Amino acid sequence: MATVAKANPQPVPPRTFGTSREDLNPYRIAQLQFDIAAEHLKLDPGLRQVLRTPKRIMEVAIPTKMDNGQLKVFTGFRVQHNIARGPAKGGMRYHPGVTLDEVKALASWMTWKTATVNIPYGGGKGGVICDPKRMSKPELERMTRRFLSEILPIIGPDKDIPAPDVYTDAQTMAWMMDTYSMTLGATSLGVVTGKPVSLGGSLGRNEATARGCLFVTEEACKVKKISLRGATVAIQGFGNAGAIAARLFAEKKAKIIAVSDSRGGVHSSRGIDPMKALRYKERTGTVVGMPGTSRISNEELLALKCDILIPAALENCITLENADQIKAKIVAEAANGPTTPHADEVLARKGIFLLPDILANAGGVTVSYFEWAQNLQGYFWEEHEVNAKLEKVIKKAFYDVYEAARKYHVHNRTGAYILAVGRVADATMVRGLFP
Ligand code: GLU
């Protein structure tokens, strides 16, 4: 019998909770963002309680055999925040800093995101407290399969559909799909999205978060009368969203002047070739040290003078501490929750045009929706069709948000929340209360 060791003997302290000046608990931030919109919409107090509370929370222990023969017990969560407009939908995050409050926040952001782009889903999210960078592929596979089997009763193509998020990818989704299908005794493609294209994944899904971010930024540039061609761009985070955004923005002839990852950043006023940065990171594990660039910190990257700043990493990057130093004209949130409510006010005062996460990174879940629709029909689309449909959905959402913000005299985040919360409130009221 293998010995049992606790996987997380010293839980990583929540990254930035509760500094003296600002409450950085992501769940309280999510609720505050909701409350601001609910106030503008003058929602009934009972309805507010329904919409600000997660519908279902599942916490599971995930016993996993490690390569050295030891057994470790990981902790995993799946939160379904709201299913008024359709099944719960949202990613699975593997990170040492995962907390239940973070997953609750991320689940609620999914509810507002799917409503902002008006696709027929609610919001959910999952997470496992683990350090995937220090786990082997077989360890990750065993942990993933056991995690999925523990939450299996609440997952399904018409119940709750997981997808990739921070440090999970198409391979993770393939294992989840297989575990679900083997348990069911039938191949179920629609149970997760972000799958490999060889296993019912959609063409264009891998680039979709970054592509959606590009589409909304193009519209923001029109509004702000900035030419994207030649615009300077700084990108914090070089994962699926950040690295692909660098490539897509460079293809539009924008100049990528800085990129960063968890180990630090690099800067070049002459511009960074995203493909070279990607190859360098693949070889060395980080963008830091890339030839022809100078080293900068993540903090310095955020404060660079540039036209477009893309936070594409984790929550709470732009806070009351540094909001005043942001010099970008447009902030496009490829990450979830990178800016705090207090920082929002500072950016708005400075005249910075904010593209909030629930709009700017909604391309990912939008193409997840297309993937799911293709899976349910058993009929697959060409990549240009996927991209054209994504462009239509995202650009419409951009103008819906922009109009709402103007109508209520608020910044774009609150505009997006007013739009989204209004849609979910309408669905909830017309469904009525059961029993
Ligand atoms: N994890 C991504 C997000 O935060 C994608 C979710 C999905 O495709 O369901 O939007």
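Here is what the cut-offs are and how they apply
- Residues numbered from 1 in each chain as written.
- Predicted model: local features only at pLDDT ≥ 70, side-chain atom pairs only at ≥ 80, totals over all residues.
- Heavy atoms only, no water.
- Salt bridge = Lys/Arg side-chain N within 4 Å of Asp/Glu carboxyl O.
- Helix = DSSP H or I, 4+ residues; strand = E, 2+ residues; numbered from the N terminus.
- Axes fitted to C-alpha atoms, helices over the stretch in contact; angles between N-to-C directions.
- Parallel < 35°, antiparallel > 145°, perpendicular 65-115°, else oblique.
- Left-handed = near helix turned anticlockwise from the far one by under 90°.
- Contact = heavy atoms within 4.5 Å.
- 1 Å grid on protein atoms, 1.4 Å probe; cavity = no way out; pocket = protein on both sides within 12 Å on 5 of 7 lines; lining within 4 Å.
- Points joined across faces, edges and corners; volume = space filled by probe spheres on them.
- Nonpolar A, V, L, I, M, F, W, Y, C, P; charged D, E, K, R; others polar.
- Near = heavy atom within 4 Å.
- Polar contact = N/O pair within 3.5 Å; in protein donor to acceptor, adjacent residues only side chain to side chain.
- Areas by Shrake-Rupley, 256 points an atom, 1.4 Å probe, with all protein chains shown as cover.
- Pairing = 2+ DSSP bridges.
- Buried < 20%, exposed > 50% of the residue type's maximum accessible area, 1.4 Å probe, protein only.

Peer 1: Looking at this structure, how should I read the pattern of salt bridges?
Peer 2: Note on pairing: side chains with opposite charge can pair once their charged atoms come close. This structure, assessed with the given rule, holds 27 salt bridges. Between Lys-281 and Asp-261 there is a salt bridge; the shortest N-O distance is 3.2 Å. With a gap of 20 residues between them, Lys-281 in helix H8 (residues 274-284) and Asp-261 in strand S8 (residues 255-261) connect regions that are remote in the sequence.

Peer 1: Mind showing me how you'd approach the packing of helix H1 (residues 26-41) against helix H14 (residues 412-431) here?
Peer 2: Running from N to C, H1 and H14 point in directions that differ by 70 degrees, and their axes come no closer than 9 Å. One finds that H1 runs roughly perpendicular with respect to H14. Between H1 and H14 lies a crossing of right-handed hand. Packed against H1, whose contacting residues are Gln-33, Phe-34, Ile-36, Ala-37, His-40 and Leu-41, the element H14 presents Arg-413, Thr-414, Tyr-417, Ile-418, Val-421 and Gly-422 at the interface.

Peer 1: Explain empty space enclosed by the protein here, please?
Peer 2: Unoccupied space between atoms shows up once a probe the size of one water molecule is rolled over them. Scanning all chains against the criterion turns up three cavities of 30 Å³ or more. By volume, the second largest cavity is sized at about 60 Å³. In terms of lining, the second largest cavity is formed by Gln-33, Ile-36, Pro-341, Asp-344, Glu-345, His-411, Arg-413, Thr-414 and Tyr-417. Of all the secondary-structure elements, those providing two or more residues to the lining of the second largest cavity are H1, helix H10 (341-349) and H14. For the lining of the second largest cavity, the per-class residue count stands at three nonpolar, three polar and three charged.

Peer 1: Teacher, can you tell me more about the site of the ligand here?
Peer 2: Not every one of the 14 residues close to the ligand is listed here, only the nearest: Lys-89, Lys-113, Pro-164, Asp-165 and Ser-368. Contact between the ligand and Lys-113: an oxygen atom at 2.6 Å from a side-chain N or O atom of the residue. Alone, the ligand offers 290 Å² of accessible surface; in the complex the protein occludes 95% of this. Listing elements by their share of the shell around the ligand, those giving two or more residues are strand S4 (88-95), helix H3 (100-116), strand S6 (160-164) and helix H12 (363-377). Here the residues of the shell around the ligand are counted per class, giving four nonpolar, five polar and five charged.

Peer 1: Which parts of the structure should I look at to understand the sheet that holds S8?
Peer 2: Strand pairing in a sheet takes place through backbone hydrogen bonds and is either antiparallel or parallel in direction. Within the open sheet, the seven strands sit side by side as S10-S9-S8-S7-S11-S12-S13. Their pairing is mixed. Each edge of the sheet is formed by a strand with only one pairing partner; in this case those strands are strand S10 (294-296) and strand S13 (353-355). Here the strands of the sheet are splayed against their neighbours by 20 degrees on average, with no regard to which way each runs. Both strand S9 (residues 264-267) and S10 contribute to a ladder of three bridges, which runs antiparallel. Bridge pairing in S10 places His-267 opposite Ser-294. Where helix H6 (residues 208-224) meets the sheet, it contacts strand S11 (308-311), strand S12 (330-332) and S13, and its direction lies at approximately 160 degrees from that of S13. Helix-sheet contacts for helix H7 (residues 240-251) involve strand S7 (232-236), S8 and S11, and the interaxial angle to S7 is about 170 degrees.

Peer 1: Please clarify how unusual backbone geometry should be interpreted in this entry.
Peer 2: Peptide bonds are mostly trans, and most non-glycine residues show a negative phi. Residue Pro-435 follows Phe-434 across a cis peptide bond; omega there is 5 degrees. Within the secondary structure, Pro-435 sits in the segment after H14. For Lys-42, which is not glycine, the phi torsion reads 50 degrees and is therefore positive. By secondary structure assignment, the location of Lys-42 is in the loop between H1 and helix H2 (45-52). Relative accessible area serves as the criterion here: at 70%, Lys-42 is assigned to the exposed category. The phi dihedral of Lys-225 is positive, around 55 degrees, even though this residue is not glycine. Here Lys-225 lies in the loop between H6 and S7. By relative accessible area, Lys-225 is classed as exposed at 76%.

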